[in-house]
Structure formats: C-alpha cells, structure tokens
Amino acid sequence: MCLCKHATPCHSPSHHHTIITIITIIIPSHTAILDAIATHQPKVVFLTSPNNPDGSTIDEESLLAILNQPVLVVLDEAYIEFSGEPTRMPWVLQRPNLVVLRTFSKMAGLAGIRVGYGAFPDGLIEYIWRAKQPYNVSVAAEVAALAALSNMPYLEVWGGGLWRGRCGGWVE
Ligand SMILES: Cc1ncc(COP(=O)(O)O)c(C=O)c1O
C-alpha cells in the first residue's frame, strides 16, 4: 500500500489485523509516486486531492500516469467542493482501477457523523461488500446524509460559506 505524506491518518489501516506494508512518500510528486510504484509494487495507492492540510491537488496528467500503472488507485476527494477542480468521479466508469471517495463531513458540515460514499468499479463492488462491516453507517448518520441531500440550497449555502471563509472572510 502506498500513502503520500500528509494523507489523512484514516487511510492508515494500522487498526486492522492484516499484515500490510505501508510505503510513505515524503514529497509526493507524480514522478516520486511512479518511482515508488516501480520499486515497491504496491497493490493500492491512496491519493488525496485536494490534500489535507496543504490543499495541493493532483493534475489530470499525473493522475492518468498513475492510473496507467498496475495498481488500484483510491482517490480521496473529501475537500473537492472547495478546490475549484472538477471531480474525477466520472472517470470510474472508464477506469477499472479507480475508486473515488467523498465525505459529508466537509460538504455538508457533518464532521463526526462519519458518513460518506464512493464510486467503485463494478468488478470491485462484490469484494467491498464482502469486507464491509454490518451496520457500518448508523441510522442517525443515514438520516443526516439524506436530509443534507434533500436540501441542495443548504449544501450550496454551507459550501459557499466555507469557500468564502477560507478565501478572505465570511460574506453572506
Ligand atoms: C482528506 C480527508 N479525507 C477523509 C477525511 C475523513 O472524513 P470522515 O469525516 O468522513 O471520516 C478527512 C478528515 O478530516 C480528511 O481530511
């Protein structure tokens, strides 16, 4: 498994019982990631775009180069709404080795509720389903996520407020 430095600790499976070797890339340029893949031949590469905490993003060319390697690429887009970058979620339809993850924590202000979603290639879903813990999303989390989704104006006001707050003060 290949992680870039600063990739959120929740990607680190240290609490699992499986034996996993984690390769951490200190300066995650796309050439460093390609080198790490060639050297260590990981099965999975975790990328975070925008990254936390530095906000850096992965450009299209770099992502394509990494996707052309024989690895599963898990792209965490937790902060995508605040980046101005397009989501890569539609790419999952064309790329059998791409997973894109999103969370309601930032876009809907539901941090701590631990509810999110992802786009997975068809061939992977069956295996994810086998490994999924039962009741991994609580009823409260489900209700909160559905309420957020049914209220797009709330999501736009919340996301827009965060965006403006980050780029120079709250303006309503
Ligand atoms: C980049 C990134 N991905 C994922 C998460 C975790 O999201 P969740 O709150 O849904 O567990 C965080 C939390 O701060 C994060 O910074």
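Remember, it's a predicted structure, so these values are computed and weren't measured experimentally.

### Points about empty space enclosed by the protein
At step 1: Applying the stated criterion across every chain yields a total of one cavity of 30 Å³ or more.
At step 2: A volume near 60 Å³ is recorded for the largest cavity.
At step 3: Every residue lining the largest cavity is listed: Ser49, Pro50, Thr57, Ile58, Leu63, Leu75, Glu77, Ile80, Glu85, Pro86 and Arg88.
At step 4: Class assignment for the residues of the lining of the largest cavity results in six nonpolar, two polar and three charged.

### Comments concerning the pairing of strand E4 (residues 72-76)
In summary, the side chains of a regular strand alternate between the two faces of the sheet.
At step 1: The buried fraction of E4 is high, at four of five residues.
At step 2: Pairing of strand E3 (residues 44-48) with E4, which is carried by five bridges, proceeds in the parallel orientation. The residue of E4 that forms the bridge with Leu47 is Leu75.
At step 3: Read from E3 through helix H2 (residues 60-67) to E4, the crossover connection turns out right-handed.
At step 4: Taken together, the four bridges between E4 and strand E5 (residues 98-103) define a ladder with parallel strand orientation. Looking across to E5, one finds that Asp76 is bridged to Leu101.

What counts, and where the lines are drawn
Residues numbered from 1 in each chain as written. Predicted model: local features only at pLDDT ≥ 70, side-chain atom pairs only at ≥ 80, totals over all residues. Heavy atoms only, no water. 1 Å grid on protein atoms, 1.4 Å probe; cavity = no way out; pocket = protein on both sides within 12 Å on 5 of 7 lines; lining within 4 Å. Points joined across faces, edges and corners; volume = space filled by probe spheres on them. Nonpolar A, V, L, I, M, F, W, Y, C, P; charged D, E, K, R; others polar. Buried < 20%, exposed > 50% of the residue type's maximum accessible area, 1.4 Å probe, protein only. Helix = DSSP H or I, 4+ residues; strand = E, 2+ residues; numbered from the N terminus. Pairing = 2+ DSSP bridges. Right-handed = clockwise from strand over helix to strand, strands pointing away.

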